Amino acid sequence: MESHLSIDEASRRTGLTAYTLRYYERIGLLAPVGRAAGGQRRYAASDMAWIGFLLRLRTTRMPIGKMQAFARLRSEGDATVPARRQMLEEHLTDVLAEIEAMRQSAEALKEKIEYYRVFAQSLAPA
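Since this is a predicted model, take the numbers as computed values, not measurements.

Help me get a handle on the packing of helix H3 (residues 45–59) against helix H4 (residues 64–75), residues and values and all.
Put simply, H3 and H4 touch, their axes get as near as 11 Å, and they point 145 degrees apart. The handedness of the crossing between H3 and H4 is right-handed. In contact with Trp50, Phe53, Leu54, Leu57 and Arg58 of H3, H4 contributes Met67, Phe70, Ala71 and Arg74. When grouped by side-chain class, the residues that make up the contact of H3 with H4 number seven nonpolar, no polar and two charged.

So, in C-alpha cells, the structure goes:
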C-alpha cells in the first residue's frame, strides 16, 4: 500500500513551506492533492515526484508562468508530450547558455583574484 504524507511531512521532505505547497496547488502547478477523511492534504509518491521535478525547474530558473504552462500541458495527457519535450528542450538551451555565461564570469573572477594576489605581493615589504 502506498504511503501518503501530510503537508508537514511533504514540507520537510521538499524544503518547501506548507504555504508554498498550498500556493502551488492553488495556481495549478500541482493537481488537487488527495485528502484524508478529515480534509487534510495527503501527498502520494506521484505528487512528491512531481514536486521534485518542479523544484528542478525552479533551480534552473524557469519562470513560474512557464512552469504553469508545462503543468497545464502535463494535465492534458500524452497528446502533449511533443509540446512538453519542445518546451524542455528550449529551456535546456537557455540553461546551458546561462551555465556558459556563469563559467566565463567565474574565469574572469579567477583572473581578477590572481591579479590582486600578485599585486598584493608586490606591495609587501621586501
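After presenting the structure, the write-up continues.
Before we move on, could you go through the packing of aromatic side chains and cite the residues and values that matter?
Applying the stated rule across the entire model yields seven aromatic pairs. Consider the rings of Phe53 and Phe70, whose centres lie 5.8 Å apart with planes at 40 degrees: the pair is tilted. With a gap of 17 residues between them, Phe53 in helix H3 and Phe70 in helix H4 connect regions that are remote in the sequence. By relative accessible area, which is 30% here, Phe53 ends up partly exposed. For the cation-ring pair, Lys112 lies above Tyr115, with the distance from its terminal atom to the ring centre recorded as 5.3 Å.

How would you summarise the nonpolar core if you had to cite specific residues and measurements?
In this structure, Leu21, Leu30, Tyr43, Ile51 and Leu54 are the most contacted members of the largest nonpolar core, which totals 23 residues. Counting residues per element, this core draws most heavily on H3, at six residues. Residues within four places of Leu54 in sequence aside, it is in contact with Tyr24, Leu29, Leu30 and Met67.

The rules we used
Residue positions within a chain follow its written sequence, with the count starting from 1. Reporting of local features is limited, given that this is a predicted model, to residues whose pLDDT is at least 70; pairs of side-chain atoms are given and counted only at 80 or more, and all residues count toward the totals for whole chains, interfaces and linings. Based on all heavy atoms of the structure, the side-chain values leave hydrogens and waters out of the count. Orientation is described by axes fitted as lines to C-alpha atoms, over the contacting stretch for helices, and by angles from 0 to 180 degrees between their N-to-C directions. What counts as a helix is a DSSP run of H or I of at least four residues, what counts as a strand is a run of E of at least two, and both are numbered from the N terminus. Left-handed describes a crossing whose near helix is turned anticlockwise from the far helix through less than a right angle; right-handed describes the clockwise counterpart. Here a residue-residue contact requires only that any non-hydrogen atoms of the pair lie within 4.5 Å. Gly falls in the polar group here, along with every residue not listed as nonpolar (Ala, Val, Leu, Ile, Met, Phe, Trp, Tyr, Cys, Pro) or charged (Asp, Glu, Lys, Arg). When the centres of two rings from Phe, Tyr and Trp lie within 6.5 Å, Trp using its six-membered ring, the rings pair. Their planes under 30 degrees apart give stacked, over 60 give edge-to-face, and anything left gives tilted. Only protein chains enter the area calculation, which uses a 1.4 Å probe; residues under 20% of their type maximum are buried, those over 50% are exposed, and those in between are partly exposed. In this scheme, the term charge over a ring applies when either NZ of a lysine or CZ of an arginine sits within 6 Å of the ring centre and within 35 degrees of the ring normal. Here, the term nonpolar core denotes a set of buried Ala, Val, Leu, Ile, Met, Phe, Trp, Tyr and Cys residues that are joined through side-chain atoms within 4.5 Å.

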